[in-house]
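Observations on the three-dimensional arrangement
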Amino acid sequence: MSITVTCVAPVNIAVIKYWGKRDEDLILPINDSLSATLDTEHLCAKTTVRASPEFKENKIWLNGREESMDNPRLQNCLKEIMKRSQLSKDMESWKLHICSENNFPTAAGLASSAAGYACLAAALAKLYKVEGDISGIARAGSGSACRSVYGGFVRWYKGSDPTGIDSIAKPIAPASHWPDMRILVLVVNDSKKKVSSAIGMKRTLLTSEFLTYKAEKIIPKRIEQIQEAILKKDFETFAEHTMRDSNEMHAACLAAYPPCIYMNDTSHLIVELMHQYNSTSDRTKVAYSFDAGPNATLFLLEKDVAELLGILDHYLPPAVDNNLEYRKGISIEVT
Ligand code: 2P0
């Protein structure tokens with residue numbers, strides 16, 4: 001006898017970044033963040049959870065390899081689920097076998113933990129018949145995961161309650177609201193990053209005063225403006241805020257001591273090329289954003305995709321010598 005549930009959750013890309021926690025254990029951020037969730041075809045996690053009275057212990061496999069269940073973040077997720085479980089006590093005591101796979105490189109700055117924990121939260125919620133918002137459960141596993149629980153454009157409210165009850169994600173517009181928005185992910189390097197996001201953001205918060213300044217003085221205004229730009233489909237305003245926020249996150253990382261360096265020469269070349277491309281056009285056609293790694297995410301409108309791919313092919317051909325291995329075009333869809 002067993003119950004099996006399978007869920008799929010995509011990666012989300014933040015245009016207003018989460019970088020810095022005000023509570024490390026509860027994973028509560030120092031600022032609101034805003035992202036776009038990709039569609040379920042590319043960059044996804046797929047998680048199957050099986051519960052059975054015959055299993056002797058809880059077990060987890062990530063990308064085919066058995067991992068320890070002692071991970072405190074995993075335990076926090078399970079604890080949050082059990083608090084809201086609607087299963088009988090008897091079934092709650094059944095042990096779990098969890099199997100999760102990504103269809104993209106893990107821990108290469110492609111938000112693998114976001115998709116993974118969102119997927120786990122969704123699968124466990126289905127299994128334990130948990131109702132209502134589950135973004136807080138996903139957040140207990142990894143901060144940015146709370147945004148992958150919803151499709152389209154999503155805002156994670158930092159909240160003010162010390163328990164974290166109001167630190168949840170809410171959708172602000174479905175992907176269908178801006179159907180011609182496209183996202184290209186340029187994979188510059190898919191090896192594992194040197195400084196994890198958790199360590200990088202802690203170090204930045206402790207040693208770079210600019211991060212606190214950004215969270216308190218810049219983001220509150222910017223997030224309202226970018227949200228309005230999304231609702232009005234004002235690409236130029238959206239693009240400028242996106243690029244500024246990415247640049248300022250990496251500036252804060254560089255101002256950490258020792259500095260956290262995520263972008264590489266190819267990343268900087270992409271930044272320069274995109275600014276040159278925009279400046280020779282009659283309007284801003286593309287925005288870039290970089291997470292905790294060298295890979296670039298580009299936001300643009302469908303009508304400009306062919307031209308931009310031509311520019312990238314010319315200046316950054318996918319050759320070994322410039323380390324740009326491959327790239328992939330993705331459109332946003334409601335998940
Ligand atoms: C974001 N990143 O908003 C930012 C931008 C990376 C750069 O959220 O410690 O893996 O698990 O809460 O969610 C990556 O941080 O960190 C991240 P934890 P997480 O997408």
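None of the values given here were measured: they were computed from a predicted structure.

Before going further, it helps to spend a moment on helix α9 (residues 302-315). Relative to the 20 Å expected for 14 residues at 1.5 Å per residue, α9 spans 21 Å between its end C-alpha atoms, a close match to the ideal helical length. Residues of α9 that are buried include every one of D304, V305, L308 and L312, and no others.

Looking now at the sheet that holds strand β5 (residues 33-37). Reading across the sheet, the four strands line up as β2-β5-β10-β11 and stay open at both edges, with antiparallel pairing between neighbours. Looking at the sheet topology across the chains shown, the edges are occupied by β2 (12-16) and β11 (169-173). Each neighbouring strand pair of the sheet contributes to a mean axis angle of 35 degrees, computed without reference to strand direction. Sheet topology note: the strand β10 (residues 152-156)/β11 ladder contains four bridges and is antiparallel. Paired with F153 across the bridge in β11 is A173.

Here the focus is the sheet that holds strand β9 (residues 95-102). Pairing in this open sheet of five strands is mixed, and the strands run β1-β6-β9-β7-β8 from one edge to the other. If you trace the sheet from one side to the other, it starts and ends with β1 (3-10) and β8 (65-67), each paired once. When strand polarity is set aside, the average angle formed by the axes of neighbouring strands in this sheet is 20 degrees.

It is worth spelling out the pattern of salt bridges at this point. Considering all chains together, one arrives at 14 salt bridges under this definition. A salt bridge links K285 to E307, with the nearest nitrogen and oxygen atoms 2.9 Å apart. Of this pair, K285 sits in the loop between α8 (265-279) and β13 (286-290) while E307 is found in helix α9, placing the two residues 22 residues apart along the sequence. Accessibility expressed as a relative area gives 11% for K285, which makes it buried. What makes E307 partly exposed here is its relative accessible area of 39%. Each of K214, R222, D245 and E248 takes part in one network of salt bridges that share partners.

Moving on to the packing of aromatic side chains. One pass over the structure, following the stated rule, counts ten aromatic pairs. An angle of 25 degrees between the planes, with centres 6.4 Å apart, marks the rings of F210 and Y213 as stacked. Of this pair, F210 and Y213 both sit in helix α6 (residues 209-232), separated by three residues, roughly a single helical turn. When its relative accessible area of 28% is taken as the criterion, F210 is described as partly exposed. Three or more aromatic residues link up through ring pairs in this structure, and these residues are F153, W178, F235, F238 and F299. Positioned over the ring face of Y157 is K170, at 5.4 Å from the centre of the ring.

Rules used throughout
Residues numbered from 1 in each chain as written. Predicted model: local features only at pLDDT ≥ 70, side-chain atom pairs only at ≥ 80, totals over all residues. Heavy atoms only, no water. Helix = DSSP H or I, 4+ residues; strand = E, 2+ residues; numbered from the N terminus. Expected span 1.5 Å × (residues − 1). Buried < 20%, exposed > 50% of the residue type's maximum accessible area, 1.4 Å probe, protein only. Pairing = 2+ DSSP bridges. Axes fitted to C-alpha atoms, helices over the stretch in contact; angles between N-to-C directions. Salt bridge = Lys/Arg side-chain N within 4 Å of Asp/Glu carboxyl O. Phe/Tyr/Trp six-rings, centres within 6.5 Å; stacked < 30°, edge-to-face > 60°. Lys NZ or Arg CZ within 6 Å of the ring centre and 35° of its normal.

The values reported here are purely geometric and, on their own, carry no functional implication.
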